[in-house]
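Results of the structural survey
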Amino acid sequence: MNQEDYAPEDAYEAEDGSGDDAEATRRQADEAESSRASRGWWDRNADEYQSEHGAFLGDDRFVWGPEGLDEADAALLGPAHSLKGKDVLEIGAGAAQCSRWLAARGARPVALDLSHRQLQHALRIDGGDAATVRLVEADAGRLPFRDASFDLACSAYGAVPFVADPVNVMREVHRVLRPGGRWVFSVTHPVRWAFPDEPGPEGLSIAASYFDRTPYVEQDEQGRAVYVEHHRTLGDRVRDVVAGGFRLVDLVEPEWPEWNTQEWGGWSPLRGNLIPGTAIFVCERD
């Protein structure tokens, strides 16, 4: 799972090393600005992210979100035995934990990420041997693959929440999938945008309009975006899927399991037992 805590308010380390706090705001951010911000943010924060969440993610585990829903149990891409020999594209792969799980089941995964530093962590986990999973550094809106190259595509909190044009991503995934291919992706559940990003009781009161699609942006002193996340309502997400040429076959809202006692940003057992934190879209290409 390649995922940042929604609406983070921590200080960031600026590219010039100044370490000034980013200003949080809501404003428009186009595709180019969003892409630049995401690449820079993940390159700066990949080390901390993998250090903090690596134990939960594992080296070769496929988990769909902070709730801990495992693909080994959910089988949203299909039964584990059916993955053998399948060409699979993981988008926003981070350190390629999900792709490594797929490879262990006989699939042929390609792990794509915008962040060079995240992919370096994938190499680190593999001991510097890139043979386990093929790694590709590229933007999800411009997939560097031929038409009909993959049987399956997946993304656990990768790319989709951070792009200004999600329909373009859907169409790109549709293009590189073979007929009958499945596309499964998880994002922050849209209802969460109405609540403060707090794991405790203060995160249970509505603080903003669910219908306000204005992106959340953190910007430096010059007004340059250093982090961008885009809000879409649940209906928007469904329409994006359809506009991308897919048929939505399932929408999974994982419940918080009793065994999971961790807090991850605004995700927590308290909130997870009351409101959904993750939405997983299971789509097929006809």
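Refer to the preceding data block for the structure.
Residues numbered from 1 in each chain as written. Predicted model: local features only at pLDDT ≥ 70, side-chain atom pairs only at ≥ 80, totals over all residues. Heavy atoms only, no water.

This paragraph deals with the overall build of the chain. Across its full length, the chain carries seven helices and ten strands. Its C-alpha atoms give the chain a radius of gyration of 18 Å, within 12% of the compact-globule value 19 Å for 286 residues. When its C-alpha atoms are laid out on the principal axes, the chain stretches across 50 × 40 × 40 Å. Split into buried and exposed, the 286 residues of the chain put 56% on the buried side. Put simply, 74% of the contacts in the chain that link residues at least 6 apart link residues at least 24 apart. Carbon and sulfur atoms form 47% of the exposed surface of the chain, whose accessible area is close to 12000 Å². One way to put it: in the chain the 29 positive side-chain charges average out to a point 9 Å from where the 51 negative ones average out. (Helix = DSSP H or I, 4+ residues; strand = E, 2+ residues; numbered from the N terminus. Rg over C-alpha atoms; globule rule 2.2 N^0.38 Å. Buried < 20%, exposed > 50% of the residue type's maximum accessible area, 1.4 Å probe, protein only. Contact = heavy atoms within 4.5 Å. Areas by Shrake-Rupley, 256 points an atom, 1.4 Å probe, with all protein chains shown as cover. Lys, Arg positive; Asp, Glu negative; His and termini not counted. Charge placed at Lys NZ, Arg CZ, Asp CG, Glu CD.)

When the terminal C-alpha atoms of helix H1 (residues 31-57) are compared, their 29 Å separation across 27 residues is substantially less than the 39 Å that a helix rising 1.5 Å per residue should span. For H1, the N-terminal capping position is held by Asp-30, with its side-chain oxygen 3.3 Å away from the main-chain nitrogen of Ala-32. (Expected span 1.5 Å × (residues − 1). Polar contact = N/O pair within 3.5 Å; in protein donor to acceptor, adjacent residues only side chain to side chain.)

Now for helix H5 (residues 166-176). Since the α-helix packs 3.6 residues into each turn, any two residues three or four apart lie on the same face. Most of H5 is tucked away, with eight of its eleven residues classed as buried. Listed in full, the buried residues belonging to H5 are Pro-166, Val-167, Val-169, Met-170, Glu-172, Val-173, His-174 and Val-176. Here the buried face of H5 lies against strand E2 (87-91), strand E5 (150-156), strand E6 (177-188) and helix H6 (234-243).

All right, on to the environment of Val-176 then. With respect to the helices and strands, the residue Val-176 is situated in helix H5. Residues contacting Val-176, with those up to four places away along its chain left out, are Leu-89, Leu-143, Phe-145, Arg-146, Asp-147, Ala-148, Ser-149 and Phe-150.

With antiparallel pairing, three strands are arranged side by side in an open sheet as E1-E7-E8. Every other strand in the sheet has two partners, leaving strand E1 (23-26) and strand E8 (225-229) as the edge strands with one partner each. When the angles between neighbouring strand axes are averaged without regard to direction, this sheet yields 20 degrees. In terms of strand pairing, E1 meets strand E7 (residues 216-219) through four bridges, oriented antiparallel. Among the inter-strand pairings, Arg-26 is bridged to a residue of E7, identified as Tyr-216. (Pairing = 2+ DSSP bridges. Axes fitted to C-alpha atoms, helices over the stretch in contact; angles between N-to-C directions.)

Turning to the pairing of strand E3 (residues 108-113), a few remarks are in order. Taking burial as the measure, the six residues of E3 include five buried ones, the bulk of the element. As judged from the five bridges shared by E2 and E3, these two strands associate in the parallel manner. Counted as the bridge partner of Glu-90 is Ala-111 from E3. Viewed along the sheet, the connection from E2 through helix H3 (residues 97-104) into E3 turns out right-handed. Sheet topology note: the E3/strand E4 (residues 134-137) ladder contains four bridges and is parallel. In the sheet register, Val-110 faces E4, and the bridge partner there is Arg-134. (Right-handed = clockwise from strand over helix to strand, strands pointing away.)

Turning to the packing of H5 against H6, a few remarks are in order. It is at 8 Å that the axes of H5 and H6 come closest, and there the two elements cross at 40 degrees. When the axes of H5 and H6 are compared, the pair comes out oblique. As for the relative orientation of H5 and H6, their crossing is right-handed in sense. Residues Pro-166, Val-167, Met-170 and Arg-171 of H5 touch H6, and the partners they reach there are Arg-237, Asp-240, Val-241 and Ala-243. Per-class residue counts for the contact of H5 with H6 are five nonpolar, no polar and three charged. (Parallel < 35°, antiparallel > 145°, perpendicular 65-115°, else oblique. Left-handed = near helix turned anticlockwise from the far one by under 90°. Nonpolar A, V, L, I, M, F, W, Y, C, P; charged D, E, K, R; others polar.)

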